[in-house]
Amino acid sequence: DGKDLSKWKSSGKDSAAKWTVSDGIFTVKAGTGDIETKDEFDDYQLHIEFRTPSEVKGNSQGRGNSGIFMQGVYELQVLDSYNNPTYSNGSAGSLYKRTMPLVNASRKPGEWQTYDVAYTAPKFNKDSMIITPAYITVLHNGVLIQNHTAIAGTTPYIGAPQNQVHGKGPIRLQDHGNPTSFRNIWIREL
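The notes below deal with the structure included here.

Calculation notes
- Residues numbered from 1 in each chain as written.
- Predicted model: local features only at pLDDT ≥ 70, side-chain atom pairs only at ≥ 80, totals over all residues.
- Heavy atoms only, no water.
- Helix = DSSP H or I, 4+ residues; strand = E, 2+ residues; numbered from the N terminus.
- Rg over C-alpha atoms; globule rule 2.2 N^0.38 Å.
- Buried < 20%, exposed > 50% of the residue type's maximum accessible area, 1.4 Å probe, protein only.
- Contact = heavy atoms within 4.5 Å.
- Areas by Shrake-Rupley, 256 points an atom, 1.4 Å probe, with all protein chains shown as cover.
- Lys, Arg positive; Asp, Glu negative; His and termini not counted.
- Charge placed at Lys NZ, Arg CZ, Asp CG, Glu CD.
- Core = buried A, V, L, I, M, F, W, Y, C linked by side-chain atoms within 4.5 Å.
- Patch = residues over 30% accessible without salt bridge, like charges linked within 9 Å, V, L, I, M, F, W, Y side chains within 5 Å.
- Salt bridge = Lys/Arg side-chain N within 4 Å of Asp/Glu carboxyl O.
- Pairing = 2+ DSSP bridges.
- Axes fitted to C-alpha atoms, helices over the stretch in contact; angles between N-to-C directions.

### Some words on the overall build of the chain
Scanning the chain from N- to C-terminus turns up zero helices and 14 strands. Ordered by position from N to C terminus, the α and β elements of the chain give β-β-β-β-β-β-β-β-β-β-β-β-β-β. Taken against the 2.2 N^0.38 rule, which gives 16 Å for 190 residues, the C-alpha radius of gyration of the chain at 16 Å falls within 12% of a compact globule. C-alpha extents for the chain along the principal axes are approximately 50 × 35 × 30 Å. The 190 residues of the chain split such that 46% are buried. Residue pairs at least 24 apart in sequence account for 63% of intrachain contacts in the chain once pairs closer than 6 positions are excluded. A total accessible area of about 9200 Å² is found for the chain, and carbon and sulfur atoms account for 49% of it. Counting 20 positive and 19 negative side-chain charges, the chain places the centres of these two groups 2 Å from one another.

### Regarding the nonpolar core
Membership of the largest hydrophobic core comes to 34 residues, with the highest contact counts inside it found for Ile68, Met70, Tyr115, Val117, Tyr119, Leu173 and Phe182. Considering every element that reaches this core, the biggest residue donor is strand β5 (residues 44-51), with four residues. If we ignore the near neighbours within four places in the chain, the residues touching Ile68 are Leu46, Ile48, Tyr74, Glu75, Leu76, Val78, Tyr115, Ile171, Arg172, Leu173 and Phe182.

### Thoughts on a nonpolar patch on the surface
A cluster of nonpolar residues, Leu102, Val103, Val143 and Leu144, forms a patch on the protein surface that exposes about 320 Å² of accessible area. Assignment of secondary structure puts Leu102 in the loop between β7 (74-78) and β8 (113-120). Looking at Leu102, the relative accessible area reads 60%, which means it is exposed.

### A look at the sheet that holds strand β12 (residues 143-151)
Judged by pairing direction, the sheet is antiparallel, and its seven strands sit side by side in the order β2-β3-β14-β5-β8-β11-β12 without closing on themselves. With one partner strand each, in any of the chains shown, β2 (20-22) and β12 form the two edges of the open sheet. Here the average twist between neighbouring strands, direction ignored, is 25°. When β5 meets β8, the two strands line up antiparallel, connected through seven bridges. Considered in β8, the bridge of Phe50 is made with Gln113.

### Considerations on the pairing of strand β11 (residues 134-140)
Of all seven residues in β11, five are buried; the element is thus mostly enclosed. The pairing of β8 with β11 spans six bridges and is classified as antiparallel. What sits directly across from Thr120, in β11, is Tyr135. Pairing analysis gives six bridges linking β11 to β12, with the strands arranged antiparallel. Bridge assignment links Tyr135 to a residue of β12, and that residue is Ala150. As consecutive antiparallel partners, β11 and β12 are separated by two residues, and within that stretch Asn141 has a phi angle of approximately 55°, a positive value.

By themselves, these are just geometric observations and shouldn't be taken as functional.
Right, here's the structure in full:
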């Protein structure tokens, strides 16, 4: 509800989320770690708004870097990509290190931006083989940037994607050391 982080926890732990909360906005508190929803999901529609710092410090991946992990596994990159050259599959709206966005729809640093996401979880058979990959459609500030894109496994910084068998998972937000803010987050299970 934007008033507190009672629906969130520190990622991978049962301890309270440690980011800051003020006026319906929560902001990465560098060094406190990722946070994730206490609830877990598979197929859903997600709306989330984010704001990278208005004062530009750094370049490439050092500007407003964060991420939104579908089911706690697959990263949709959050980054200040306004006039900020970086590797194409690491820019805002990319499936990190896997699929670049169709277009850069980023607003200026300090402005609120939106991601509207339709996500379908991967399906596995009894032998732990993938039957259907995860799919994601993303609108960034109302512009289609991922169009029913198949997610070819995990999104690690280095290495090939893996298909790890899993069930429902949380929405995880990344602490990448930048004071990125989030608000107006809602999810509708499909």
